[in-house]
Amino acid sequence: MEGLAWGIGILLVMIGPFLLIPVTWILYRYGARPVALAWLVPRISDNAARLTALMVSLLLVGVTLAVSFFPGQREYARLCAEYSVPMVSDRVMVEGFYRNRLYPYEASQFLDGDSFKFVEAPDMYKEGSYIRYSRSENEEIHQEEIGAPASRYGVREDFSELSYGIVMTRKTVYDMESSRELANAASIVYMGGPLSLFLGVQALSSCPEIISSQGAEHFNTFYNLETVVLRADD
């Protein structure tokens, strides 16, 4: 079902702009054209009245889309300017760390190769319990229930849905004893406002923007912040 939902979502994004054609036609056929024919004829010709109605319909659709899109775009730009550049003030070398949220299937990404030896996290299925994930001798992910995290450093990942449908994911690496922050980074996504369906993929914006070398570097730092900060040689 999840795959079907994703497929439908992608399809809607692809065909969304084409939906403006019937929307504009309905507005023209049942709104602007009758008004134009009633009020403008015989001042101007019938064809001129119809053309005026069409132009008014297109203008109303364009203004509506602009009102839906640009307020969120401005807020998105402000957030990007404030949060999209990662801040790393310190780096350390540790064997493992605590993460505020981690599903079992996600643990392997931190335990591959020369990465971490363990990751601690709350049990996502049992409130008040903690699990230490490690890789066993046969290279399988081993789960051990623990009473409390023993890690010195933690990683906090927070998801926030802000105004205009903007979604921000923030990562913070911090000292669990003193709460001192070592680094923070964010990824921000703007879908395009309430009428984003009609704008399609053109309305989708995200930062850091990976199309530029600097943006790609910032996004890589955000995505791999745990490794960047906690697997660095002193």
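Further up the page is the structure itself.
Reference entry: report on the structure contained in this document. Quick caveat: nothing in here was measured; it's all calculated off a predicted structure.

A closer look at the side chain of Ser134
- For Ser134, the position within the fold is in strand β4 (residues 130–135).
- If we ignore the near neighbours within four places in the chain, the residues touching Ser134 are Leu111, Lys117, Phe118, Glu140, Ile141 and His142.

Comments concerning the pattern of salt bridges
- Summed over the entire model, instances satisfying the criterion amount to 14 salt bridges.
- With a shortest N-O distance of 3.1 Å, Arg99 and Glu226 are connected by a salt bridge. Of this pair, Arg99 sits in strand β2 (residues 96–99) while Glu226 sits in helix α7 (residues 225–230), and the two are 127 residues apart along the sequence. Take Arg99 and Glu226: they sit in the same class, and that class is buried.
- Among the charged side chains, a salt-bridge network with shared partners connects Arg99, Glu157, Lys171 and Glu226.

Some thoughts on the pairing of β2
- Here β2 shows no split at all, with Gly96 and Tyr98 on one side and Phe97 and Arg99 on the other all buried.
- Relative to strand β3 (residues 118–122), β2 runs parallel, the two being bridged by 3 bridges. By the bridge assignment, Phe97 is partnered in β3 with Val119.
- In this structure, β2 lies alongside strand β6 (residues 153–161), joined through 2 bridges in parallel fashion. Among the inter-strand pairings, Tyr98 is bridged to a residue of β6, identified as Gly154.

Regarding the side chain of Ser129
- Mapped onto the fold, Ser129 is located in the loop between β3 and β4.
- The class of Ser129 is buried, set by a relative accessible area of 10%.
- For Ser129, the contacting residues outside a window of four places in its chain are Pro122, Asp123 and Glu145.

A closer look at the pairing of β6
- Of the pairings in the sheet, the one linking β6 to strand β7 (residues 167–175) comprises 9 bridges and is antiparallel in character. Looking at β7, one finds that Val155 is bridged to Val173.
- The turn linking β6 back onto β7 is made up of 5 residues, and Tyr164 within it adopts a positive phi angle of 65°.

Definitions and limits used
- Residues numbered from 1 in each chain as written.
- Predicted model: local features only at pLDDT ≥ 70, side-chain atom pairs only at ≥ 80, totals over all residues.
- Heavy atoms only, no water.
- Helix = DSSP H or I, 4+ residues; strand = E, 2+ residues; numbered from the N terminus.
- Contact = heavy atoms within 4.5 Å.
- Salt bridge = Lys/Arg side-chain N within 4 Å of Asp/Glu carboxyl O.
- Buried < 20%, exposed > 50% of the residue type's maximum accessible area, 1.4 Å probe, protein only.
- Pairing = 2+ DSSP bridges.

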